[in-house]
Amino acid sequence: MSAVKGLGTAAKPWQLKTPPGTSDYAAYRDDAADPPALVVQVGKTQLRYQWRCVEDLRAMLTKNGAWVPLGSADEQKPAAAGTVEDWGRSPTNPVKGWYGLKKGLRGRFGMYVPPVLDALGLAEVEHNPKNNRMRALSKPER
């Protein structure tokens, strides 16, 4: 599990790194949003995903039982099949489509959501320069 700073609140967001470790970003849970949201702040850009993506992704990884490639693509580009990014926008996932909440900024699910699961002790994420994967931890570490 990665050491993470912050409490996951707007006042004290988690301070995270992308899986390759090349970029820093902040993330927090916004329970006041409708629906509750995972807010990701990357520089001046704010992305929002339905908070339920955290448990839904963990459930998918647990059911899969193996490493799943992350993938990462902007909304306007196709996601590689079989990746976390692909699942995060698939009509077969629990929300029947995009977890991202703002059209135009719904992509990059595979870049910004996995480190949150890692920080929460729900999954293990690789941190290689390219082609990272993740898998569920059998028991949450926190």
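Above: the structure in question.
Summary of the structure given here. Every value quoted in this text rests on a predicted model; they were computed, and no experiment measured them.

Focus: the overall build of the protein
Across its full length, the protein holds four helices and seven strands. Along the chain direction, N to C, the helices and strands of the protein fall in the order β-β-β-β-α-β-α-α-α-β-β. What you see for the protein is a C-alpha radius of gyration of 14 Å, in line with the 14 Å of a compact globule of 142 residues. Its C-alpha atoms put the protein at 35 × 30 × 25 Å along the principal axes. By residue count, 46% of the 142 residues in the protein fall in the buried class. Of the contacts made within the protein by residues no fewer than 6 positions apart, 49% connect residues no fewer than 24 positions apart. Accessible area for the protein stands at about 7600 Å²; split by element, carbon and sulfur atoms hold 52% of it. Averaging the coordinates of the 21 positive side-chain charges in the protein and doing the same for the 14 negative ones gives two points 2 Å apart.

Description of the side chain of E85
Structurally, the position occupied by E85 is in helix 2 (residues 84-87). A distance of 2.7 Å separates a polar atom in the side chain of E85 from a polar atom in the side chain of R89. A distance of 2.9 Å separates a polar side-chain atom of E85 from the backbone nitrogen of F109. Not counting residues up to four positions away in its chain, the partners in contact with E85 are L70, G71, S72, A73, A79, G107, R108, F109, G110 and M111.

Focus on the environment of M60
Of note, M60 is situated in helix 1 (residues 53-64). Distance in space between the C-alpha atoms of M60 and V84 is 9.5 Å, their sequence separation being 24 residues.

So, the pattern of salt bridges
A side chain of one charge can pair with a side chain of the opposite charge when the charged atoms of the two come close. Across all of its chains, the model carries nine salt bridges by this definition. A salt bridge links D56 to R52; the shortest N-O distance between them is 2.7 Å. Residue D56 is classed as buried on the basis of its relative accessible area of 13%.

Description of helix 1
Taking 1.5 Å per residue as the helical rise, helix 1 with its 12 residues ought to reach 16 Å, and the 16 Å between its terminal C-alpha atoms agrees with that figure. Within helix 1, the full set of buried residues consists of C53, V54, D56, L57, R58, M60 and L61. Looking one or two residues past helix 1, G65 carries a phi angle of roughly 75°, positive in sign.

Concerning the nonpolar core
One finds L38, Y49, L57, L61, F109, L117 and M134 to be the most contacted residues of the largest nonpolar core, which totals 32 residues. Tallying contributions element by element places helix 1 first for this core, with five residues. Among all residues touching F109, those that are not within four sequence positions of it are Y49, C53, L57, V84, E85, W87, G88, Y99 and P114.

A few points about unusual backbone geometry
With omega at 0°, the peptide bond leading from D34 into P35 counts as cis. Its place among the elements puts P35 in the loop between strand 2 (24-30) and strand 3 (37-42). Positive phi outside glycine occurs at K96, with the angle close to 60°. Look at N131: it is not a glycine, yet its phi comes out positive at around 55°. When you line up the elements, N131 lands in the loop between strand 6 (123-125) and strand 7 (133-136). Its relative accessible area of 71% is what places N131 among the exposed residues.

Conventions used here
- Counting restarts for each chain: residues are numbered from 1 in the order of the written sequence.
- Side-chain atom pairs in this predicted model are given and counted only at pLDDT of 80 or more, local residue features only at pLDDT of at least 70, and totals for whole chains, interfaces and linings cover all residues.
- Hydrogens and water are ignored here; the side-chain numbers use all heavy atoms of the structure.
- The secondary structure listing takes helices from DSSP runs of H or I that are at least 4 residues long and strands from runs of E that are at least 2 residues long, numbered from the N terminus.
- When we talk radius of gyration, it's over C-alpha atoms, and the globule rule is simply 2.2 Å times the number of residues to the 0.38.
- Buried, partly exposed and exposed residues are distinguished by accessible area as a fraction of the type maximum, computed with a 1.4 Å probe on protein chains only: under 20%, between the cut-offs, and over 50%, respectively.
- Between two residues, a contact is recorded if the distance between any of their heavy atoms is within 4.5 Å.
- Surface accessibility follows the Shrake-Rupley procedure with a 1.4 Å probe radius. Residue values consider only the protein chains on display as shielding.
- When charges are counted, Lys and Arg are positive and Asp and Glu negative, with His and the chain ends excluded.
- Taken as the charge location is NZ of Lys, CZ of Arg, CG of Asp or CD of Glu.
- Distance and chemistry together define a polar contact, namely a pair of N or O atoms within 3.5 Å, with one atom able to donate a hydrogen and the other to accept it when in protein, and with adjacent residues in sequence counting only for side-chain atoms on both sides.
- By salt bridge we mean one thing: a side-chain nitrogen of Lys or Arg within 4 Å of a carboxyl oxygen of Asp or Glu.
- To estimate the expected span of a helix, count its residues, drop one, and scale the result by 1.5 Å.
- What is meant by a nonpolar core is a set of buried Ala, Val, Leu, Ile, Met, Phe, Trp, Tyr and Cys residues, joined one to another through side-chain atoms within 4.5 Å.

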